[in-house]
2 protein chains.
Amino acid sequence: MTVTGPTAAPKGLASEPERRRTGRRPGPSRTREQILAAARVSFARNGFDATSIRGVAASAKVDPALVRRFFGSKEQLLIAALSGTMRPSERLGEALAGDLGTLGERLVRYMLEVWEHPRANREVLTGMIRAAATNARGARFLRDFIGGEILKRLETKLDRPEARLRASLVGSQIVGLAFYRYVLEVEPLASATPEQLAGLLGPTLRRYLTGSITA
Amino acid sequence: MTVTGPTAAPKGLASEPERRRTGRRPGPSRTREQILAAARVSFARNGFDATSIRGVAASAKVDPALVRRFFGSKEQLLIAALSGTMRPSERLGEALAGDLGTLGERLVRYMLEVWEHPRANREVLTGMIRAAATNARGARFLRDFIGGEILKRLETKLDRPEARLRASLVGSQIVGLAFYRYVLEVEPLASATPEQLAGLLGPTLRRYLTGSITA
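Residues numbered from 1 in each chain as written. Chains lettered and ligands numbered in written order. Predicted model: local features only at pLDDT ≥ 70, side-chain atom pairs only at ≥ 80, totals over all residues. Heavy atoms only, no water.

Peer 1: Help me understand the overall build of chain A, please; the structure alone is not making it clear to me.
Peer 2: Looking only at helices and strands, chain A has eleven helices and zero strands in total. Mapped from its N terminus to its C terminus, chain A presents α and β elements in the order α-α-α-α-α-α-α-α-α-α-α. Here chain A holds 215 residues, and the buried ones make up 53% of them. For chain A, the proportion of contacts with a sequence separation of at least 24, taken over those separated by at least 6, is 66%. For chain A, the exposed surface amounts to about 9800 Å²; the carbon and sulfur share of it is 51%. (Helix = DSSP H or I, 4+ residues; strand = E, 2+ residues; numbered from the N terminus. Buried < 20%, exposed > 50% of the residue type's maximum accessible area, 1.4 Å probe, protein only. Contact = heavy atoms within 4.5 Å. Areas by Shrake-Rupley, 256 points an atom, 1.4 Å probe, with all protein chains shown as cover.)

Peer 1: Is there a simple way to explain the relation of the copies chain A and chain B in this structure?
Peer 2: The relation between the two chain copies is a rotation about an axis coupled with a shift along that axis. When chain A is fitted onto chain B, the two copies agree to an RMSD of 0.0 Å after a turn of 180 degrees and an axial shift of 0.0 Å. Considering both components of the superposition, the chain copies are consistent with a two-fold axis. Within chain A, Gly-176 of chain A has its C-alpha nearest the rotation axis, a separation of 1.8 Å. A high fraction, 100%, of the interface residues of chain A reappear at the interface in chain B, so the copies pair face to face through one surface. (Least-squares fit on C-alpha atoms with pLDDT ≥ 70 in both.)

Peer 1: I keep staring at the pattern of salt bridges and nothing clicks. Help me out?
Peer 2: Pairing between side chains of opposite charge can happen when the charged atoms of each approach one another. On inspection of all chains with the given rule, the structure shows 16 salt bridges over all chains. Across the pair Glu-116 of chain B and Arg-181 of chain B runs a salt bridge whose closest N-O atoms are separated by 2.9 Å. Here Glu-116 of chain B is found in helix H7 (residues 103–116), whereas its partner Arg-181 of chain B is found in helix H10 (residues 163–183), with 65 residues between them in sequence. In this structure, Arg-164 of chain B and Glu-155 of chain B form a salt bridge, with 2.8 Å as the shortest nitrogen-oxygen distance. Residue Arg-164 of chain B is classed as partly exposed on the basis of its relative accessible area, which comes to 28%. What makes Glu-155 of chain B buried here is its relative accessible area of 19%. Overlapping salt bridges, with partners in common, bring together Arg-143 and Asp-144 of chain A together with Glu-185 of chain B in one network. (Salt bridge = Lys/Arg side-chain N within 4 Å of Asp/Glu carboxyl O.)

Peer 1: Is there a simple way to explain the interface of chain A and chain B in this structure?
Peer 2: How big an interface is tends to be expressed through the accessible area that disappears when the partners come together. Across the boundary between the two partners, chain A contributes 40 residues, which contact 40 residues of chain B. When chain A packs against chain B, the two sides together hide about 3600 Å² of surface, and 65% of this comes from carbon and sulfur. Linking Arg-143 of chain B and Glu-185 of chain A is a salt bridge whose minimum nitrogen-to-oxygen distance equals 3.9 Å. Contributions of two or more residues to the side of chain A that touches chain B are made by helix H9 (136–158), helix H10 (163–183) and helix H11 (194–210) of chain A. The greatest single-element share of the side of chain A that touches chain B, amounting to 13 residues, is contributed by H10 of chain A. Split by residue class, the side of chain A that touches chain B holds 23 nonpolar, eleven polar and six charged. (Buried area = accessible area lost by both parts, 1.4 Å probe. Nonpolar A, V, L, I, M, F, W, Y, C, P; charged D, E, K, R; others polar.)

Dropping the structure here:
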């Protein structure tokens, strides 16, 4: 990879807390967000193969080398775009806080909220999941993201035997619901309310989280 | 679409039973299988966008117009290739026969067998699912296939209130397992035995099939 243009050096960036404290130098972080916004639109609209770092850079009006410095490869850019939408450290963190007995329902609601609020997320997220599943390398990054950012947090919260197995069973049911509801749009799951879905999946997730499972 | 080459007219084909009875004219059916085999390899290896009817025809050594006459569009070719691998009328039919109380376990085993025997199916099927989920039109055909060939059969077997909802809940858990096991390869689900998976998902599917669900 040849760096051809002028770039903002990432090591020169103010960290998030520092920026918030001083209120100065908002530039690099806003640039990062502009790149991610352009990437979301491109992945969702064009798919993985037809998205290029060069094209994303052009949409965000920055140099392609800057996109590479910030994010690395196209796959890593996709995962950063996904992570910014799903915000596991904040929004999943909120869902994880509280009683284990109703955690399953909260996880269903978390997934639905990520997907459905604001409305625009829905197409973008579906498109990005499609894009990530398009090839084996994309799938590997998606697995690392789901494993490291989602399942790991759930596993830590569970803190009991077979925690990893329990977390991955929960994940399999929730991702299957997302696939049926958003990618395939299979009825009646596509138009069921969040309330109904939490009720339908609740007992399943409760057993996976805390019940007796034979493995 | 312009038909440019010589084609074998589908109306001239002997039907499957007729061919079996007479033992003559094996040509058209073998040609159809050759096209499907070439399509599977291309969808799995190159994805949906980079697969073309022309390319599949070249691999199968037939005229592109013949592929279009047999299968219609590229999306329909993909669904025909998927259907030939999953064989819902035969293999799912076998799983559906018998006791409702253990149907969930049989459905898990059906899905695993489709995916894992013979070994080669695994990459091809994963690639085809990826290909079908790559764009909205592919997803629509996949939904019609799953709705018409899989869920409809399950719904008929269930013959009870909310049968469609029950069938789609079952489908969501099974497709989620397939996504975690084959597309993402998340552990421990990726290397669990069929026996273990049937035990883990059994109670979930039993409730979806015959238990109390609130909707």
